[in-house]
Amino acid sequence: MLQETVDEIATRLGASATLEDRSFQLLAYAAQSGDIDLIRQESILRRRATKEVRAYFEGYGIATAKGPVRIPADAELGVLARVCVPLRHHDVTYGYLWLLDDGSLGDAALTSVSALVARAAATLAQDIRRRQDLGRNLRELFSSDTEERSWALSHLDVAGPVAAIAVRSSLERVGALWTLPRGVLADPGLLAQGEPLIALLAPAGQALEVAGRIQAMYGTAAGVGGVRAEPAQSWRSWREAVQALRVADRVPGFAPVAVWSGLGVYRTLTRLSPPDLRDLAGEVAGLAGDPELARTVEGYLDRAGHVQETAAVLGVHRQTLYYRLGKAERLTGRDLADGEDRLLIHLGLKAARLL
């Protein structure tokens, strides 16, 4: 429907046209004729605009405009003149129609396609509302209440295997969810641990791709839960996704997309209660005032106590490393030559990252 509408608009106006959602994800484009600039080329090739391009055009007030916005050419930046027509439905902007302007797009010409613009806006709004309506059932499907989960399953057409995805984002950008595959359910405002998250449920084979796409849309971290053969168990995957997101946010090396199955020891640590986690982190409280020392000890333990390898990675002399390790032993009261002490310090350093 959107593609047909864009083609018709381009034909009537004789202009190169593209249609994007609110987050500048490309949804449809007509055959491009005449000169096009690099921004248009990149939009079509990459299916999305960069943050810099988005900021540039939003600077003209397109997000709140109630009618077409004329954007002048900028020879220095290589930007051709264009008209942005906000796709508004019931006073909400769902996307943008972009028309390269060679000087022929007068007000009368734009008015002649207003009905088509309204149709495109209504189509976008309808699809987004449909996705949101389906996604709201995720709240019950991911619930700890057995009856709520049973009710959700009876109202959803979903088959396993599946995996849940958690993403942190602001609610004003939910329009981007429209671009996800049809088999993906999404709720843009599910609460977890006191904060709103975007919750998604995807076929297992698409989970990583979906997580990567939505992470790129919002520029935040994402967590992917474990695969569940039965949708009735997807609530467990959701809890894992939330914890994976927590690790992606706080532990270097796991962002931007952390997968539950690849979290290693953090799978165990995230299951601990906050008091237990604090107690474990307390074992390395003596290192809290010296982040460099803490990183040194963690790097040493991550490499199973190999001094030469650790010194090379840290870029220090082995004697410097020995000095730091000795200092850490004095501050923690633990012996790094003792297996249990080493394990306790190692886990304590990992726990401290989560806090």
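Preceding this section is the structure that the text describes.
Note that this is a predicted model, so its numbers are computed, not measured. (Residues numbered from 1 in each chain as written. Predicted model: local features only at pLDDT ≥ 70, side-chain atom pairs only at ≥ 80, totals over all residues. Heavy atoms only, no water.)

A.B. asks: Give a description of the overall build of the protein that names residues and reports values.
C.D. replies: Looking only at helices and strands, one finds 14 helices and 10 strands in the protein. A globule of 355 residues ought to have a C-alpha radius of gyration of about 20 Å, yet the protein, at 26 Å, is considerably larger. Once the C-alpha set of the protein is aligned to its principal axes, its extents read approximately 80 × 55 × 30 Å. Within the protein, the fraction of its 355 residues that count as buried is 48%. Partitioning the contacts of the protein with sequence separation of at least 6, the portion at a separation of at least 24 is 62%. For the protein, the centre of its 41 positive side-chain charges and the centre of its 43 negative side-chain charges are spaced 1 Å apart. (Helix = DSSP H or I, 4+ residues; strand = E, 2+ residues; numbered from the N terminus. Rg over C-alpha atoms; globule rule 2.2 N^0.38 Å. Buried < 20%, exposed > 50% of the residue type's maximum accessible area, 1.4 Å probe, protein only. Contact = heavy atoms within 4.5 Å. Lys, Arg positive; Asp, Glu negative; His and termini not counted. Charge placed at Lys NZ, Arg CZ, Asp CG, Glu CD.)

A.B. asks: Lay out the pairing of strand β6 (residues 162-168) with the relevant residues and their values.
C.D. replies: Counting buried residues along β6, 6 of its 7 residues qualify, which places the element largely inside the surrounding structure. Note that β6 and strand β9 (residues 222-224) share 3 bridges and pair antiparallel. From the neighbouring strand, I165 faces β9, where its bridge partner is V224. (Pairing = 2+ DSSP bridges.)

A.B. asks: So what about the sheet that holds strand β5 (residues 92-100)? Which residues, and what values?
C.D. replies: Across the sheet, which stays open at both edges, the 5 strands sit in the order β2-β1-β5-β4-β3 with antiparallel pairing between neighbours. Looking at the sheet topology across the chains shown, the edges are occupied by β2 (26-29) and β3 (69-71). If you compare each strand with its neighbour and ignore which way they point, the axes differ by 25° on average. Of the strand pairs in this sheet, strand β1 (residues 17-21) and β5 are connected by 5 bridges, and their pairing is antiparallel. (Axes fitted to C-alpha atoms, helices over the stretch in contact; angles between N-to-C directions.)

A.B. asks: Please provide a residue-by-residue account of the packing of aromatic side chains, values included.
C.D. replies: Applying the stated criterion across every chain, the model contains 8 aromatic pairs. With a centroid separation of 6.1 Å and an interplanar angle of 55°, the aromatic rings of F24 and W98 are classed as tilted. Of this pair, F24 sits in the loop between β1 and β2 while W98 sits in strand β5, and the two are 74 residues apart along the sequence. On the basis of relative accessible area, F24 is assigned to the buried category, the value being 1%. Measuring from ring centre to ring centre gives 6.1 Å for Y96 and W98, while their planes differ by 55°; the resulting arrangement is tilted. Exposure class is identical for Y96 and W98. Each is buried. Connected via pairs of aromatic rings, a cluster forms that spans F24, Y56, F57, Y60, Y96 and W98. (Phe/Tyr/Trp six-rings, centres within 6.5 Å; stacked < 30°, edge-to-face > 60°.)

A.B. asks: Residues and numbers for the nonpolar core, please.
C.D. replies: By size, the foremost hydrophobic cluster in this structure holds 33 residues, and its most contacted members are F142 and W238. Among the secondary structure elements, those contributing two or more residues to this core are α5 (114-141), β6, β7 (185-192), β8 (195-203), α8 (234-250), α9 (266-269), α10 (274-281) and α14 (339-354). Of all the elements, α8 adds the most residues to this core, at 7 residues. Contacts of F142, omitting those with residues within four sequence positions, involve A164, L190, A199, L200, L201, S234, W235, W238 and R239. (Core = buried A, V, L, I, M, F, W, Y, C linked by side-chain atoms within 4.5 Å.)

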